[in-house]
Amino acid sequence: MDNPNANTFLGAYLKVRRAQYHINSLITYTQPLDPGLYGLEWLPAIGRPCAISLADFGPDLNPEIVELTFWPKQPIGEILALTMGDAIHNLRSSLDYAATAVCRAAGKDTKFVTFPFHKERTDLIPDQCAGLKQIQAAFPNADVTRFFQDTIKPYLGGKSDLWTLTKVDKIDKHNFIV
């Protein structure tokens, strides 16, 4: 068993705080876009693909065609995708931390405790969902199944934010989410 004297929801709280950090990083990167991610410069026109051409008139009124040229210094899309994925993963992990904290508070073993999710509401039962089975074991006199099915709704068609969170977290484990 884990340390029963630990702050019950400290881990979940810290995961949410870490997700907030990643979300703030996204804001920093994109408002305005962090200049460390890209270059932007007026250069003589040669038809670059990421440029806007402009006729620049010098003091002698002879036009010089120049291009406002943009180029990434780093893979911007991937950096943003990784940061979003980190935020999503921390939010999803905070639910596992909360489920673990609840079981810990009940004096139960917390090894492998997870927040219960299932695609179908009808399959969100202890026999089909390990997370629900673990929480039900911690609270044998409570109708944990009904609570999760009718109140928390961590299934497709339930509370869509919870379902989307767990699905996007799974996608991000193996692929960029943007």
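Residues numbered from 1 in each chain as written. Predicted model: local features only at pLDDT ≥ 70, side-chain atom pairs only at ≥ 80, totals over all residues. Heavy atoms only, no water.

(A) Layout of the layout of surface pockets. Here the largest pocket defines a volume of roughly 190 Å³. When residues of the lining of the largest pocket are traced back to their parent elements, those giving at least two are α2 (76-105) and α5 (160-172). In terms of residue count, α5 provides more of the lining of the largest pocket than any other element does, 5 residues in total. Residue composition of the lining of the largest pocket, grouped by class: 3 nonpolar, 4 polar and 6 charged. (1 Å grid on protein atoms, 1.4 Å probe; cavity = no way out; pocket = protein on both sides within 12 Å on 5 of 7 lines; lining within 4 Å. Points joined across faces, edges and corners; volume = space filled by probe spheres on them. Helix = DSSP H or I, 4+ residues; strand = E, 2+ residues; numbered from the N terminus. Nonpolar A, V, L, I, M, F, W, Y, C, P; charged D, E, K, R; others polar.)

(B) Inspection of the packing of helix α1 (residues 10-30) against α2 at higher detail. Close contact between α1 and α2 brings their axes to 8 Å; oriented N to C, the two are set at 165°. Classified by the interaxial angle, the pair formed by α1 and α2 is roughly antiparallel. Helix-helix and strand crossings are classified by hand; for α1 and α2 the assignment is left-handed. Between α1 and α2, the contacting residues are Gly11, Ala12, Lys15, Val16, Arg18, Ala19, His22, Ile23, Ser25, Leu26, Tyr29 and Thr30 on the first element and Ile79, Leu80, Thr83, Met84, Asp86, Ala87, Asn90, Leu91, Ser93, Ser94, Tyr97 and Ala98 on the second. (Axes fitted to C-alpha atoms, helices over the stretch in contact; angles between N-to-C directions. Parallel < 35°, antiparallel > 145°, perpendicular 65-115°, else oblique. Left-handed = near helix turned anticlockwise from the far one by under 90°. Contact = heavy atoms within 4.5 Å.)

(C) Highlighting the packing of aromatic side chains. For the structure on display, the rule yields 3 aromatic pairs. Taking 5.6 Å as the distance between ring centres and 90° as the angle between the ring planes, the aromatic pair formed by phenylalanine 147 and phenylalanine 148 counts as edge-to-face. One aromatic cluster is present, built from ring pairs that chain together Phe115, Phe117, Phe147 and Phe148. (Phe/Tyr/Trp six-rings, centres within 6.5 Å; stacked < 30°, edge-to-face > 60°.)

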